[in-house]
Amino acid sequence: MATAEGLAPLENTPPVGTTKGPGEVPHEYVFISPDHEQRLRIGEFVYYIAPTDPCARPIYGRIVGRRPVRLYPDEFMADPRVPPQEVARLFGYTGDGELFEIAVRTLGYFDDRLRAFINPRISPRVGWPIYLASNAMLSSILNKCRPGEIGAVHVGSLLSRDPGEVPIILSGRDFTSTHLAIIASTGAGKSYLAAVIVEELMKPHNRACVLIVDPHAEYDTLSQMTRHPAFAGSDGYTPVVRVLRPSDLHVRFSALRIADLRHLIDMTDRMEYVLGQAYQSLSRRRKEQAGLDGQWTHEDLIREIQKFAAQRKAEDDGLDFRSSAGALEWRIEQLMRDAQILHPTSHLDLRSLFQPGQCTILQLDEVDRREQQVVVAVLLRRLYQARQETERKRVHPGSELYLPYPAFVLLEEAHHFAPAGEGERRVVSAEILRTILAEGRKFGVGVGLISQRPGKLDQDVLSQCMTQIMLRIVNPIDQTNVAASVEGASRDVLDELPALSKGQAVIVGQSVNAPVIVAVRERHTPHGGQDQDAPQRWVEYSNPERAAERARDVAPLARPSQNDPFAYPQRPQSPRVGAHSFEELFGPDEEDGRR
Amino acid sequence: MEIGRVVGSRDHADYQVQIYGPGEMPVPPTALDRALGQFVSIPVDEIERLIGVIYSTQLVNPEFGTLGPRLSTTQELPVFTPDYLAETATLVGVTILGSARQQGGKTVYDQRTPPLAAAIDAPVLLLAPDEFLAFHQGESGPSLAYFPRLLARPFPALPDLLCSIVDRLIAAFPSDRARLMVVRQNILWNAIVEAH
């Protein structure tokens, strides 16, 4: 071991290896270690101290590769019952045998003032000792926040250390303004992690204003936060959780833009022209009359369409749009009858959805995909507009658009709302999402995108999320898309993605000081997104007690039809329950001559 | 039992030993005593002995190839020219594997190359079976620390020599049969399969 002044470890720990030299790329170096205790895992953090640095600052690095340079010969492993060490001992070798070359990507020394790593831009010299970073060091350099601080979001602990030894605390301040993406394959734990983040945001030290767009109705268990002691503040604070079902959701007709209407209604070119003219004319007039709060109903729009068609007929060119107007009228009325969420006048109050200390869960599981997109588009548009207008002091506190605090929106199945490629032009929510991701930070609108198919998510949208959390991704196309979109994800981090287990995540970006691999902490509230256990359900269904219960349930309905044999075939029944066959009830079939 | 004497060496650990012929010892060594794989010891001084193994045999016969006329027949040689008869000899090669040292009333065995060398005419003795075991006894089971050095030697009969040693050890250390078999199979693999 080098004994030069400045090479001593910070915490009196023995070195784990000796520097061999520079690595394959400029900011990498390699060191040699016997690693007896198997501690130098991929993703682990090590450091060295340059003797030339008068401040003796530890220069940290992350292990990105591990290659054996001395192994037992294959022949020593010919018999699985005989360990190679035993064969080596026969020949008088009693050492540990193996040696490893460990590749390290240099992060740099940690600058307390900048709260960031500064790369020294030079490799350590041959022979310099390498030390394993201690838990205390990692806790202070990896996290931007301390536990319990305002903005602290404790998502789990560093995977390479024992659980809880190095807590990983995301900076909520960063990801709620510069956006967040959670990407993983199905079943890797996306919604679990998202719920952990929401739990942290709703704790007394954060009291966030969160809205979750929940197309699969799997976040409603978060409502248990209201009773859980982990969320109770010393000042009496408990979070409010509002779960909104589709029947509670109303989007006022006048909140729809022309693009939304095009998205919801199938139209010919002539109809689009008529609708566009009528819409512009109506919206302009209402704005002139009532400013930003100008409203109209679908009936107003239909009247405007009829008016436009009649005017054009009366004009010199005499073009007749009356049939298109009639078809449009029929379609708009049909839309208002079918669409669950549209309402002529009633509208969701922004301030009832967005409140500090409130988590609103928008369950859209029974809503058609196109309507989901319109709901999200309208909601995000209103939120963004409200924040813009409030920040620019253009609205007064009594206005519908007055929202004097930032908000964070978590969007499940984000690829449905901002799809990649051709789909992007047809989906109304894509444009506002792109706007918010680009400009939202200025007005305090943060978005968290959750997707299982990063390849189907608009790459511009994904690349605007400055904090990325990736769980297991096996699909190589998705891995490539992540690599292309995620700035902070180096190749070595992405190589980890297929190897991650459920509940393990790679976090890169602005909310952490360095890329980390995390074991996600346990939720305080139960998880709502679990898969169905089909075999268990099948066995339960066959249970005699359950069968008897089912028989009891159908009995009162079946009884009146005992004397009415025609009633039986109308009810779907199992052969055991239904006492009569088709022929017993109706006699043989006459038509096919089987009588 | 003494079977011969050192007559020369090729290097520090490789000796030529002349096996005693008829009349040189009361009981001359048999062919088995000088067989390939026999372990021998060569005293260096009162304290230390070298321990080695016979790895080759060479028969020396100056008469072979001499086509000139002889005054005596082969049957008459012991009578008329007994000194000429003594020019034929059986030489064996002995490679040194380690040493045995008297220390505090006990014999300490070592499988490293000994620093001391034998002298010319030093007697060569067969290693007794109990000494063979003691020489190979490691801390936990048999020890073959000299194997890597032996493997580096260019002996034509090396695979068979190694196998014979391992076979004796398998018989002596039955509980270590599994790992000794790994060694034996590797020797055979290298000698038979990789040689092709």
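Residues numbered from 1 in each chain as written. Chains lettered and ligands numbered in written order. Predicted model: local features only at pLDDT ≥ 70, side-chain atom pairs only at ≥ 80, totals over all residues.

**Looking at the overall build of chain B**
Logical step 1: If you tally the helices and strands in chain B, you get six helices and nine strands.
Logical step 2: Split into buried and exposed, the 196 residues of chain B put 28% on the buried side.
Logical step 3: Contacts in chain B between residues at least 24 apart in sequence constitute 65% of all its contacts with a sequence separation of at least 6. (Helix = DSSP H or I, 4+ residues; strand = E, 2+ residues; numbered from the N terminus. Buried ≥ 20, exposed ≤ 12 C-beta atoms within 10 Å, placed from the backbone. Contact = placed C-beta atoms within 7 Å.)

**What to know about the overall build of chain A**
Logical step 1: For chain A, the helix and strand inventory stands at 19 helices and 20 strands.
Logical step 2: Residues classed as buried in chain A amount to 40% of the 595 residues present.
Logical step 3: Counting contacts in chain A only where the partners sit at least 6 residues apart, residues at least 24 apart contribute 72% of the total.

**With respect to the pairing of strand β2 (residues 28-33) of chain A**
Residues and elements named next belong to chain A.
Logical step 1: Inspection of the sheet shows strand β1 (residues 17-22) paired to β2 by four bridges, in the antiparallel sense. The partner of Thr19 across the bridge, within β2, is Phe31.
Logical step 2: Taken together, β1 and the strand that follows it, β2, pair antiparallel across an intervening segment of five residues.
Logical step 3: Bridge count between β2 and strand β5 (residues 99-111): six bridges; the pairing is antiparallel. Residue pairing for β5: Tyr29 is matched across the bridge by Val104. (Pairing = 2+ DSSP bridges.)

**What to know about the interface of chain B and chain A**
Logical step 1: The interface is formed by 14 residues belonging to chain B together with 11 residues belonging to chain A.
Logical step 2: At the level of secondary structure, the elements contributing two or more residues to the side of chain B that touches chain A comprise α4 (147-151) and α6 (177-193) of chain B.
Logical step 3: With seven residues, the top contributor of residues to the side of chain B that touches chain A is α6 of chain B.
Logical step 4: Within the side of chain B that touches chain A, the residues separate by chemical class into nine nonpolar, four polar and one charged. (Nonpolar A, V, L, I, M, F, W, Y, C, P; charged D, E, K, R; others polar.)

**Considering unusual backbone geometry**
All names here are of chain A.
Logical step 1: Positive phi outside glycine occurs at Asp35, with the angle close to 45 degrees.
Logical step 2: Relative to the helices and strands, Asp35 resides in the loop between β2 and β3 (45-49).
Logical step 3: The phi dihedral of Gln38 falls on the positive side, at around 55 degrees, and the residue is not glycine.
Logical step 4: By the element assignment, Gln38 lies in the loop between β2 and β3.
Logical step 5: For Gln38, a count of 7 C-beta atoms within 10 Å translates into the label exposed.

**Here's the deal with helix α7 (residues 298-314) of chain A**
Residues and elements named next belong to chain A.
Logical step 1: Taking 1.5 Å of rise per residue, 17 residues should cover 24 Å, and α7 covers 24 Å from first to last C-alpha, within 8% of that figure.
Logical step 2: Where α7 is concerned, the buried positions are Leu301, Glu304, Ile305, Phe308 and Ala309. Across the axial projection of α7, the buried residues extend over an arc of 135 degrees, all falling on one side. Of the exposed residues in α7, those oriented more than 90 degrees away from the buried face are Gln311 and Ala314.
Logical step 3: Tucked into the core, α7 has its buried residues touching α6 (269-290) and α8 (322-338). (Expected span 1.5 Å × (residues − 1). Arc of directions from axis to C-beta.)

**Notes on the nonpolar core**
Logical step 1: Within the largest apolar cluster, 152 residues are counted, with the highest numbers of intra-cluster contacts made by Val198, Val210 and Val518 of chain A.
Logical step 2: If we skip the residues at most four places from it in the chain, Val210 of chain A touches Val198, Leu201, Met202, Cys359, Phe408 and Leu410 of chain A.
Logical step 3: Core analysis: the next-biggest nonpolar cluster, separate from the first, contains 40 residues, Val6, Ala13, Leu161 and Val182 of chain B among them. (Core = buried A, V, L, I, M, F, W, Y, C linked by C-beta atoms within 7 Å.)

**As for the sheet that holds strand β18 (residues 467-470) of chain A**
Residue and element names in this part refer to chain A.
Logical step 1: The 11 strands lie next to each other as β9-β8-β20-β19-β18-β10-β17-β16-β11-β15-β12, forming an open sheet whose pairing is mixed. The sheet terminates laterally at β9 (167-171) and β12 (240-244), the two strands that pair on one side only. When the angles between neighbouring strand axes are averaged without regard to direction, this sheet yields 25 degrees.
Logical step 2: Relative to strand β20 (residues 516-520), strand β8 (residues 152-158) runs antiparallel, the two being bridged by three bridges. (Axes fitted to C-alpha atoms, helices over the stretch in contact; angles between N-to-C directions.)

**Overview of the pairing of strand β10 (residues 180-183) of chain A**
All names here are of chain A.
Logical step 1: Side chains Leu180 and Ile182 of β10 all project onto a buried face; the interleaved residues Ala181 and Ile183 project onto the opposite face, where all are buried too.
Logical step 2: Bridge count for β10 against strand β17 (residues 445-451) is four bridges, and the pairing is parallel. The residue bridging Ile182 from the neighbouring strand is Ile450, located in β17.
Logical step 3: Sheet topology note: the β10/β18 ladder contains four bridges and is parallel. The residue of β18 that forms the bridge with Ile182 is Ile469.

**What about the environment of Val445 of chain A?**
Logical step 1: Within the element layout of this structure, Val445 of chain A appears in strand β17.
Logical step 2: In this structure the C-alpha to C-alpha distance between Val445 of chain A and Pro544 of chain A, which are 99 residues apart in sequence, comes to 55 Å.

**Details of the packing of helix α5 (residues 158-172) of chain B against α6 of chain B**
Residues and elements named next belong to chain B.
Logical step 1: For the pair α5 and α6, the least separation of the axes is 10 Å and the interaxial angle reads 165 degrees. In terms of their interaxial angle, α5 and α6 are classed as roughly antiparallel. Judged by the twist between their axes, the crossing of α5 over α6 is left-handed. Between α5 and α6, the residues in contact are Pro159, Leu162, Cys163, Val166, Leu169 and Ile170 and Arg177, Leu180, Val183, Arg184, Ile187, Leu188 and Ala191, respectively.
Logical step 2: Considering only residue class, the contact of α5 with α6 consists of 11 nonpolar, no polar and two charged. (Parallel < 35°, antiparallel > 145°, perpendicular 65-115°, else oblique. Left-handed = near helix turned anticlockwise from the far one by under 90°.)

**What to know about the confidence of the model for chain A**
Residues and elements named next belong to chain A.
Logical step 1: In this model, chain A carries an average pLDDT of 83, and 88% of its residues clear a pLDDT of 70 or more.
Logical step 2: The weakest mean pLDDT in chain A belongs to helix α19 (residues 582-586) at 44; the strongest belongs to strand β16 (residues 407-411) at 96.
Logical step 3: In this model, residues 1-7 is a region of pLDDT below 50 whose contacts with residues beyond four sequence positions or in other chains number 16 contacts.
Logical step 4: Segment residues 565-595 is flagged for pLDDT under 50; beyond a separation of four residues in sequence, or across chains, it makes 19 contacts in the model. (pLDDT = per-residue confidence, 0-100.)

**Thoughts on the packing of α6 of chain A against α8 of chain A**
All names here are of chain A.
Logical step 1: Put simply, α6 and α8 touch, their axes get as near as 9 Å, and they point 80 degrees apart. In terms of orientation, α6 and α8 fall into the roughly perpendicular class. On α8, the residues touching Arg270, Met271, Val274 and Leu275 of α6 are Ser324, Ala325, Ala327 and Leu328.
Logical step 2: When grouped by side-chain class, the residues that make up the contact of α6 with α8 number six nonpolar, one polar and one charged.

**A short note on the environment of Val60 of chain B**
Residue and element names in this part refer to chain B.
Logical step 1: Looking at the element boundaries, Val60 is found in strand β4 (residues 48-60).
Logical step 2: Separated by 18 residues in sequence, Val60 and Pro78 have C-alpha atoms that sit 18 Å apart.
Logical step 3: What Val60 contacts, discounting residues up to four positions off in sequence, is Thr88, Ala89 and Leu91.

**Topic: the confidence of the model for chain B**
Logical step 1: Averaged over all residues, the pLDDT of chain B is 90; the fraction at 70 or higher stands at 95%.
Logical step 2: The ipTM for the predicted assembly is 0.72, set against a pTM of 0.72.

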